[in-house]
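# An overview of the molecular structure
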Amino acid sequence: MENRVIIGGQWGDEGKGKVVDALSEGVDRVIRFQGGANAGHTIYIGQKKHVLHLIPSGILRPGVKCLLGGGMVIDPWSLRDEILSLEQQGVEVRDQLHISGTAQLLMPYHKRLDELKEERLKRKCIGTTGRGIGPAYLDKIQRTGIRMGDLLLPPENLERKCIEKILSANEMLSEFYQADPLPSRVLAEELVDLARFIAPMVVDPYRELRPVREGRETVLFEGAQGTLLDIDHGTYPFVTSSNSTIGGVLTGTGLPPRALGEINGIFKAYLTRVGNGPFPTELLGDEGENLREAGGEFGATTGRARRCGWFDLLAGRYAVDTNGISGVILTKLDVLDGFPTVKVATGYDLDGEALDTFPCLSGVLSRCRPVYREFPGWEKPTSACRDLQELPAAARKYLEFLEEQLGALIVGVSVGRERDQMIWTPTGVTT
Ligand code: GDP
Ligand code: IMO
Ligand code: MG
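We now turn to the structure provided with this report. Worth saying up front: this structure is predicted, and the values here are computed from it rather than measured. (Residues numbered from 1 in each chain as written. Chains lettered and ligands numbered in written order. Predicted model: local features only at pLDDT ≥ 70, side-chain atom pairs only at ≥ 80, totals over all residues. Heavy atoms only, no water.)

A few words now on the side chain of S100. Its place among the elements puts S100 in strand 7 (residues 97-100). A residue is classified by how much of its surface remains accessible, and S100, at 0% relative accessible area, is buried. What S100 contacts, discounting residues up to four positions off in sequence, is L67, L68, G69, G70, M148, V203 and P205. (Helix = DSSP H or I, 4+ residues; strand = E, 2+ residues; numbered from the N terminus. Buried < 20%, exposed > 50% of the residue type's maximum accessible area, 1.4 Å probe, protein only. Contact = heavy atoms within 4.5 Å.)

Turning our attention to the site of ligand 1. Lining the immediate environment of ligand 1, one finds 18 residues, of which K16, G40, T42, D334 and S414 sit closest. In this structure, G17 approaches ligand 1 through a main-chain N or O atom, which is 2.8 Å from an oxygen atom. D334 has a polar side-chain atom sitting 2.8 Å from a nitrogen atom of ligand 1. Contact with the protein chains covers 91% of the free accessible surface of ligand 1, which is 580 Å². (Near = heavy atom within 4 Å. Polar contact = N/O pair within 3.5 Å; in protein donor to acceptor, adjacent residues only side chain to side chain. Areas by Shrake-Rupley, 256 points an atom, 1.4 Å probe, with all protein chains shown as cover.)

The end-to-end C-alpha distance of helix 5 (residues 155-176) is 31 Å, a good match for the 32 Å that 22 residues give at a rise of 1.5 Å each. Every buried residue of helix 5 is accounted for by L158, C162, I163, K165, I166, A169, N170 and L173. The inward-facing, buried residues of helix 5 contact helix 3 (108-121) and helix 6 (184-198). Count one or two residues on from helix 5 and you reach Q178, which has phi positive near 50 degrees. (Expected span 1.5 Å × (residues − 1).)

Near ligand 2 there are 21 residues, and of these D13, K16, H41, T129 and T240 occur at the shortest range. One of the side-chain nitrogen or oxygen atoms of N38 is found 2.9 Å away from an oxygen atom of ligand 2. T129 has a polar side-chain atom sitting 2.6 Å from an oxygen atom of ligand 2. Across the complex, the protein chains shield 98% of the 550 Å² of accessible surface that ligand 2 would expose by itself. Grouping the constituent residues of the shell around ligand 2 by class yields eight nonpolar, ten polar and three charged. (Nonpolar A, V, L, I, M, F, W, Y, C, P; charged D, E, K, R; others polar.)

In this section: the packing of helix 5 against helix 6. Look at helix 5 against helix 6: their axes get within 9 Å of each other, and the N-to-C directions meet at 140 degrees. Between helix 5 and helix 6, the crossing angle belongs to the class labelled oblique. The handedness of the crossing between helix 5 and helix 6 comes out as right-handed. Residue-level inspection shows P155, L158, E159, C162, I163, I166 and L167 of helix 5 in contact with helix 6, the latter providing S184, R185, L187, A188, E189, L191, V192 and A195. (Axes fitted to C-alpha atoms, helices over the stretch in contact; angles between N-to-C directions. Parallel < 35°, antiparallel > 145°, perpendicular 65-115°, else oblique. Left-handed = near helix turned anticlockwise from the far one by under 90°.)

In this section: the packing of aromatic side chains. Counting across every chain of the model gives eight aromatic pairs. Aromatic pair W11 and F279: ring centres 5.2 Å apart, planes at 55 degrees, arrangement tilted. Taken together, the residues W11 in the loop between strand 1 (4-8) and helix 1 (16-23) and F279 in the loop between strand 12 (271-273) and helix 10 (286-295) connect sequence positions 268 residues apart. On the accessibility criterion, W11 (3% relative accessible area) is buried. Assessed through its relative accessible area of 7%, F279 is described here as buried. With a centroid separation of 6.2 Å and an interplanar angle of 80 degrees, the aromatic rings of W310 and F339 are classed as edge-to-face. You can see W310 sitting in the loop between strand 13 (307-309) and strand 14 (311-312) and its partner F339 sitting in the loop between strand 15 (327-331) and strand 16 (341-350), a full 29 residues away along the chain. Residues W310 and F339 agree in their burial class; the two are buried. Here R417 stacks its cationic end above the ring of Y44, 3.6 Å away from the centre of that ring. (Phe/Tyr/Trp six-rings, centres within 6.5 Å; stacked < 30°, edge-to-face > 60°. Lys NZ or Arg CZ within 6 Å of the ring centre and 35° of its normal.)

Now for the coordination of the magnesium ion (ligand 3). Of the protein atoms, only D13 (OD) and G40 (O) coordinate the magnesium ion (ligand 3), at distances of 2.0 to 2.2 Å. Highlighted residues: D13 in the loop between strand 1 and helix 1 and G40 in the loop between strand 2 (29-32) and strand 3 (41-45), separated in sequence by 27 residues. Taking the relative accessible area as the measure of exposure, G40 reaches 12% and is therefore buried. (Donors = N, O, S within 2.8 Å, 3.2 Å for Na, K, Ca; no water.)

Once that is clear, we can look at the environment of I163. Within the secondary structure, I163 is located in helix 5. Given a relative accessible area of 13%, I163 falls into the buried group. Each C-alpha atom, one on I163 and one on E189, is 9.3 Å from the other, the two residues being 26 residues apart in sequence. With residues up to four places along the chain from it excluded, the contact list for I163 reads S184, R185 and A188.

Turning to unusual backbone geometry, a few remarks are in order. Across the chain, the bulk of peptide bonds are trans and the bulk of non-glycine residues have phi less than zero. With an omega of 5 degrees, the peptide bond between Y236 and P237 qualifies as cis. Along the chain, P237 turns up in the loop between strand 10 (219-222) and helix 9 (247-251). One non-glycine residue, Q225, lies in the positive phi region at around 55 degrees. Turning to its location among the elements, Q225 is positioned in the loop between strand 10 and helix 9. Taking the relative accessible area as the measure of exposure, Q225 reaches 8% and is therefore buried. We note that E379 has phi near 45 degrees; this positive angle belongs to a residue other than glycine. With respect to the element layout, E379 can be found in the loop between strand 18 (368-376) and helix 12 (393-406).

This part takes up the pattern of salt bridges. Charged atoms that come close allow side chains of opposite charge to pair. Applying the stated rule across the entire model yields 23 salt bridges. Measuring nitrogen to oxygen at the nearest pair gives 3.5 Å for the salt bridge that ties R80 to D81. Exposure remark for D81: the relative accessible area of 44% places this residue in the partly exposed category. A cluster of three or more residues bridged by salt bridges with shared partners is formed by D13, K268, E297, R306 and K332. (Salt bridge = Lys/Arg side-chain N within 4 Å of Asp/Glu carboxyl O.)

Bringing the environment of Y177 into the picture now. Of note, Y177 is situated in the loop between helix 5 and helix 6. Separated by 57 residues in sequence, Y177 and R120 place their C-alpha atoms 8.8 Å apart. Once you skip the residues sitting within four places of it in the chain, Y177 turns out to touch L113, L116, K117, R120 and M172.

Here's what the structure looks like:
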């Protein structure tokens, strides 16, 4: 079995969790490499629903090792709650889970600063998940963060370090935002307690990943967010604060490019976005509402209604090219089952000029109007299909068009939220 990278091809929530779960049988390890608890990966196993924010989806497969990579920002309070909640549901966690000592700690002041910054921006806010992601990465980049490895310090040193950081954050809170300071001593004591719980899972990533470098373990890399939310390659400033594209796998794990294997881009059969920022194919009104209802498009992390629209080929090709996607996995095809027509944006109109490439400069995308190609819907259920030939002809036509236009094979089609609701098409969907 080859290693695989699972990358979101759109604005997140493409179904990465479901795909990782479907693919994780028999792999040795699943690694998250960026982001934090802004992610919400939902997995259904029978009637049981699991929503994972920090822990890789591989945890639901007994015996699969999981690693929180060094590129992540990890809230230890949330991590403990997520571990305990999984354990309450009968999932073995602590024997399977490792945490890179080079990952950053996301502290309560990061969350508070995230909220206050958003409030201050008012109408111009990003619409973040409020999980403290931006401020935590800011601390990392300006070299003032605490790392997971610091949880191994003697308790008095950790406590001192923590108090120092909180006092410094309190200056910002009270002086810049006129907000209440955080209780430094209480939080530092809590962190020392959390360190006892978490420290046994903290590892040196170079040492831990030696079997991966030597090709003795197969790995699935589980991306969070998606290409269009990448800090460098996404729709800046309406993005997250990490590299959710392919480069993030290397920087977020310390593994060399040869460890990546196959690169799978996950795309919904349509498009959604949570939070603010341009979205040319967004459907407002009843059409968008229908798609939201059919797809159950409400955020797994914040419960917010996701904005919904048609598949955007320019954005899709951009994701394929930027990540070097070798195989596309298309999810939620079944959601389109009830639609009499299905549209795809094949180009943009930018102030009267025809565009056929996705624009990456800020401000341009919001001026683009989509040019659509319309397909007749199939209006038949697809969720019981397990083979390409079982899909309605109109659905196959839609897939063939996407495959040809994306310039990458569609190697899998998901037709429902369950593990087995997958059609694997390793040689593509064009017959
Ligand atoms: P992620 O963040 O990329 O892991 O995606 P989310 O879990 O946030 O959102 C995807 C949602 O769609 C979840 O509720 C999944 O259970 C669900 N889902 C995934 N694949 C399919 C599919 O093929 N069909 C349907 N109907 N639901 C799906
Ligand atoms: P998964 O892994 C969808 C969006 C937020 C906001 C922007 C910045 O489940 O696909 P942040 O809290 O990261 O500073 O918010 O990014 N966002 C996501 N949207 N899925 C996600 O993760 C997201 N993580 C962040 O809504 O627009
Ligand atoms: Mg999600």
